[in-house]
Amino acid sequence: MAMKVSALCIISLLTIISSDQSHASFPSSPLDSDSICETTPHAYYCKYILPSNKLNTIFDYGNISIHQSLSNARSFLASVKHFLAFPSKSMSQRTIRALEDCQFLADQNVDFLSRVSERINSKDSLNSFVADDLHASLSAALVNVETCFQGLEATPLGPSIKDRLFQSNGTKSISVSLAVFRHWDHGSTISRRNLFFPNLIHERNSPLSLLVSTDKQAIYEFATGKNDSNTLTYGKISVPQVVVVSPKGDGHFTTINDAIAAAPHNAGESDQYFGIYVVSGVYKEYISVPKNKQNLILIGDGMGRTIITGSRSAADGFTTFNTATFAVAGTKFIAVDITFQNTAGPSKGQAVAVRNGADMSVFYRCSFEGYQDTLYAHSYRQFYRECDIYGTVDFIFGNAAVVFENCNIYPRLPLPHQHNIITAQGRTDPNQETGISIDNCVIKAADDLASSRGAKKTYLGRPWKKYSRTVYVQSFMDSLIEPEGWIEWKGDFDTTIYYAEYRNNGPGSSTDYRVNWPGYHKDINNTEADKFTVSNFINGDKWLPATGVPFNRSFH
């Protein structure tokens, strides 16, 4: 029988663990910079920026590499702004849009790296959770530069602009910083986490528990002041306000964008959340939650009832990054009971329904509907629970550290010349702690695919980038999955990727005829699988209990 632990006990244990880890720090013993540089793809540049004439501590190397990364990020941003301020006459609208994406991403990087620098300079030691946060920011910063370059490569003048931007060494310096952080061994943290927590964690006393519940009447009454409580609160967490969005005009706002604009700025360092209850209806809006709109919780009336829809696509001249119907960058974002759509259709190429670059973000009981590139799990740490995801080509993609738990994955009917490919993971550096973990999900054909005539091949994924990492764990795979399981992309990535399966079931789960790539691991053991749990892969024990959303700590 599973051990039951009260909410108070869980909070007490969290306090014990936090205090136990407060003294964890970077190793103080000096080491040679060569031991760091040999672990990065940019060894020559690493040796150029890290001093080799004397031994330094990891903390010293961290300060040096972060300072260089921040300096390069500022130069990168200045160069992008110059291109936009003085565009050439031959620059197309598509190239300008790609540069606008670059400016957005470069501005984020200056912010990310400034915060990393401040936190390192403010102390000579870091507890494990803070170190995890900083590592996640460095991974996201590298994703941002790569995303900028990808957008430019698809435009007429983009490659030449990319070459000039590349001279800022944006990717190289961040990669070196990642290598420095990777040298700090916090493996002992994992064993301490696993010791204390029961398998299913759900903080029922969190004030967010009401907002993620199915009791919409209670949510509406709180939002409209019809109950006795002015603030939902428990411990440090509080929800002082929930506003209502209704297209009929009987709420606080008629559009979701207006409600987001009314939310406070930079609430991420506090434990106050701003709630937005979006009543049932179809909302034809393109929504972007900026980085300064943190701690937002967006609540709908249920999948198929509250619908946010758009139709931007690559075929219409947008970058993949900017096709998103809904995009979010604000930390600790939560969405519940909402359908997100991109209705561009299968012939329009890349067309994103949701692009998520928000750290410690949650989507609970949501539906994502599109065709190619439906769900862009772009960066940072993300969690999806009990969601439905529809698509055809690479319809779960990006370079976040992301866990999908208890979700339904529905491949749809692709174009005649296409295969269905569920995942395309974009890890570009061996020191990024990113990847896709699909746990206890169901993979079945959507109705249009199930009723179609003629065979359509469906694969679990393909390696988008050199260090792609994807695992399927204890999931049901219907017969639509090809026996090979996986399919190649362009490039020779077979030896550097990490693809794995663990205790899956169903007619498509047999690993007998899977690909024989060196980087593919069939039937991994418990110890290896545990690296991809919510607790270990996205540090979920730290931040998920407060959301009120249930999650499983382990696979056993």
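An unreviewed UniProt entry annotates the chain as Pectinesterase originating from Hibiscus syriacus. Here the chain is described in UniProt, under the heading Pathway (unreviewed entry), as follows: "Glycan metabolism; pectin degradation; 2-dehydro-3-deoxy-D-gluconate from pectin: step 1/5." Within the UniProt record for the chain, the comment given under Catalytic activity (unreviewed entry) is "[(1->4)-alpha-D-galacturonosyl methyl ester](n) + n H2O = [(1->4)-alpha-D-galacturonosyl](n) + n methanol + n H(+)".

Caption draft 1: Focus on the sheet that holds strand β5 (residues 281-283). Pairing is parallel in the open sheet, where 8 strands are placed in the order β5-β8-β11-β14-β17-β20-β23-β26. The sheet terminates laterally at β5 and β26 (476-477), the two strands that pair on one side only. Of the strand pairs in this sheet, strand β17 (residues 388-391) and strand β20 (residues 408-411) are connected by 4 bridges, and their pairing is parallel. Across the sheet, the residue bridging to Asp 388 is Asn 408, located in β20.

Caption draft 2: Focus on the sheet that holds strand β9 (residues 326-328). Read across the sheet, 7 strands follow the order β6-β9-β12-β15-β18-β21-β24 without closing on themselves; strand pairing throughout is parallel. Across the chains shown, the open sheet's two edge strands, defined by having one partner strand only, are β6 (287-289) and β24 (458-463). Looking at each pair of strands side by side, their axes are set apart by 15° on average, direction ignored. Inspection of the sheet shows β6 paired to β9 by 3 bridges, in the parallel sense. Counted as the bridge partner of Ile 287 is Phe 326 from β9.

Caption draft 3: Geometry of the UniProt feature "active site" (unreviewed entry) in the chain. Per the UniProt annotation, the sites labelled "active site" (unreviewed entry) are Asp 394. Judged by its relative accessible area of 4%, Asp 394 is buried. With near-sequence residues (within four places) excluded, Asp 394 lies in contact with Asp 373, Ile 421, Ile 422, Thr 423, Ala 424, Arg 462 and Trp 489.

Caption draft 4: Inspection of the state of the cysteines at higher detail. Per the stated rule, a full pass over the model turns up 2 disulfides. Through a disulfide, Cys 37 is tied to Cys 46; the S-S separation comes to 2.1 Å. Disulfide Cys 37-Cys 46: torsion about the S-S bond near -75°, hence left-handed. The exposure classification of Cys 37 matches that of Cys 46, with both residues buried. Between the sulfur atoms of Cys 102 and its disulfide mate Cys 148 the distance is 2.0 Å. On the S-S bond that ties Cys 102 to Cys 148, the torsion sits near 95°, and the link is right-handed.

Caption draft 5: Main features of the pairing of strand β3 (residues 237-245). Of all 9 residues making up β3, 7 are buried, and the element is well covered by its neighbours. By the bridge criterion, 6 bridges tie β3 to strand β4 (residues 272-278) in an arrangement that is parallel. Across the sheet, Val 242 pairs through a bridge with Gly 275, a residue of β4.

Caption draft 6: Local environment of helix α8 (residues 170-182). For α8, spanning 13 residues, the distance from its first C-alpha to its last is 19 Å, which sits close to the expected 18 Å at 1.5 Å a residue. Considered for burial, the residues of α8 that qualify are Gly 170, Thr 171, Ser 173, Ile 174, Ser 175, Val 176, Ser 177, Leu 178, Ala 179, Val 180 and Phe 181.

Caption draft 7: How the structure looks around the environment of Phe 76. As for its position among the elements, Phe 76 is in helix α4 (residues 58-85). Taking relative accessible area as the criterion, Phe 76 reaches 5% and is therefore assigned buried. Residues Phe 76 and Asp 107 lie 31 residues apart in sequence; the distance between their C-alpha atoms is 9.3 Å. Ignoring any residue separated from it by four or fewer positions in sequence, one finds Phe 76 in contact with Ala 106, Val 145, Cys 148, Phe 149, Leu 165 and Ser 168.

Caption draft 8: Looking closely at the side chain of Asp 541. Counting through the fold element by element, Asp 541 comes out in helix α16 (residues 540-543). You can call Asp 541 buried: its relative accessible area is 1%. Separated by 2.9 Å, the side chains of Asp 541 and Ser 535 make a polar contact.

Caption draft 9: Molecular detail of unusual backbone geometry. Even without a glycine there, the phi angle at Asn 295 is positive, about 55°. The backbone of Tyr 380 shows a phi angle near 70°, a positive value even though the residue is not glycine. For Tyr 380, the position within the fold is in the loop between β15 (375-377) and β16 (381-385). Its relative accessible area of 6% is what places Tyr 380 among the buried residues.

Caption draft 10: Structural detail: the environment of Lys 490. Relative to the helices and strands, Lys 490 is located in the loop between β26 and β27 (498-502). Each C-alpha atom, one on Lys 490 and one on Trp 464, is 8.2 Å from the other, the two residues being 26 residues apart in sequence.

Caption draft 11: Focus on the pattern of salt bridges. Counted according to the given criterion, the structure contains 14 salt bridges. Notably, a salt bridge pairs Glu 386 with Arg 385, separated by 3.0 Å at the nearest N-O pair. Residues joined in a network through salt bridges with shared partners are Asp 133, Asp 359, Arg 381 and Lys 542.

Caption draft 12: How the structure looks around the nonpolar core. Core analysis: the biggest nonpolar cluster contains 96 residues, and Phe 326, Phe 340, Phe 363, Phe 368, Phe 383 and Phe 404 have the highest contact counts within it. By residue number, the principal contributor to this core is β3, which donates 6 residues. Ranked by size, the runner-up nonpolar core spans 44 residues in total, among them Leu 77, Met 91, Phe 149 and Trp 464.

Caption draft 13: Seen up close, the packing of aromatic side chains. Here the structure, examined in full by the defined rule, presents 26 aromatic pairs. When the ring of Tyr 220 is compared with that of Tyr 277, the centres are 6.5 Å apart and the planes differ by 70°; the resulting orientation is edge-to-face. Highlighted residues: Tyr 220 in helix α11 (residues 216-223) and Tyr 277 in strand β4, separated in sequence by 57 residues. In this structure Tyr 220 comes out as partly exposed when scored by relative accessible area, which is 25%. For Tyr 277, a relative accessible area of 4% puts it in the buried group. Members of the aromatic cluster, joined through ring pairs, are Phe 326, Phe 333, Phe 340, Phe 363, Phe 368, Tyr 384 and Phe 404. Stacked on the ring of Phe 321, the Lys or Arg Arg 355 has its end atom at 3.6 Å from the ring centre.

Caption draft 14: A look at the packing of α4 against helix α7 (residues 158-166). Look at α4 against α7: their axes get within 10 Å of each other, and the N-to-C directions meet at 150°. For α4 against α7, the interelement crossing comes out right-handed. Between α4, through Phe 76, Ser 79, Val 80 and Phe 83, and α7, the contact on the second element is made entirely by Ile 161, Arg 164 and Leu 165. The residue inventory of the contact of α4 with α7, partitioned by class, reads 5 nonpolar, 1 polar and 1 charged.

Definitions and cut-offs
- Residues numbered from 1 in each chain as written.
- Predicted model: local features only at pLDDT ≥ 70, side-chain atom pairs only at ≥ 80, totals over all residues.
- Heavy atoms only, no water.
- UniProt positions renumbered as here; feature names shortened; annotations may be inferred.
- Pairing = 2+ DSSP bridges.
- Helix = DSSP H or I, 4+ residues; strand = E, 2+ residues; numbered from the N terminus.
- Axes fitted to C-alpha atoms, helices over the stretch in contact; angles between N-to-C directions.
- Buried < 20%, exposed > 50% of the residue type's maximum accessible area, 1.4 Å probe, protein only.
- Contact = heavy atoms within 4.5 Å.
- Disulfide = S-S within 2.5 Å.
- Expected span 1.5 Å × (residues − 1).
- Polar contact = N/O pair within 3.5 Å; in protein donor to acceptor, adjacent residues only side chain to side chain.
- Salt bridge = Lys/Arg side-chain N within 4 Å of Asp/Glu carboxyl O.
- Core = buried A, V, L, I, M, F, W, Y, C linked by side-chain atoms within 4.5 Å.
- Phe/Tyr/Trp six-rings, centres within 6.5 Å; stacked < 30°, edge-to-face > 60°.
- Lys NZ or Arg CZ within 6 Å of the ring centre and 35° of its normal.
- Left-handed = near helix turned anticlockwise from the far one by under 90°.
- Nonpolar A, V, L, I, M, F, W, Y, C, P; charged D, E, K, R; others polar.

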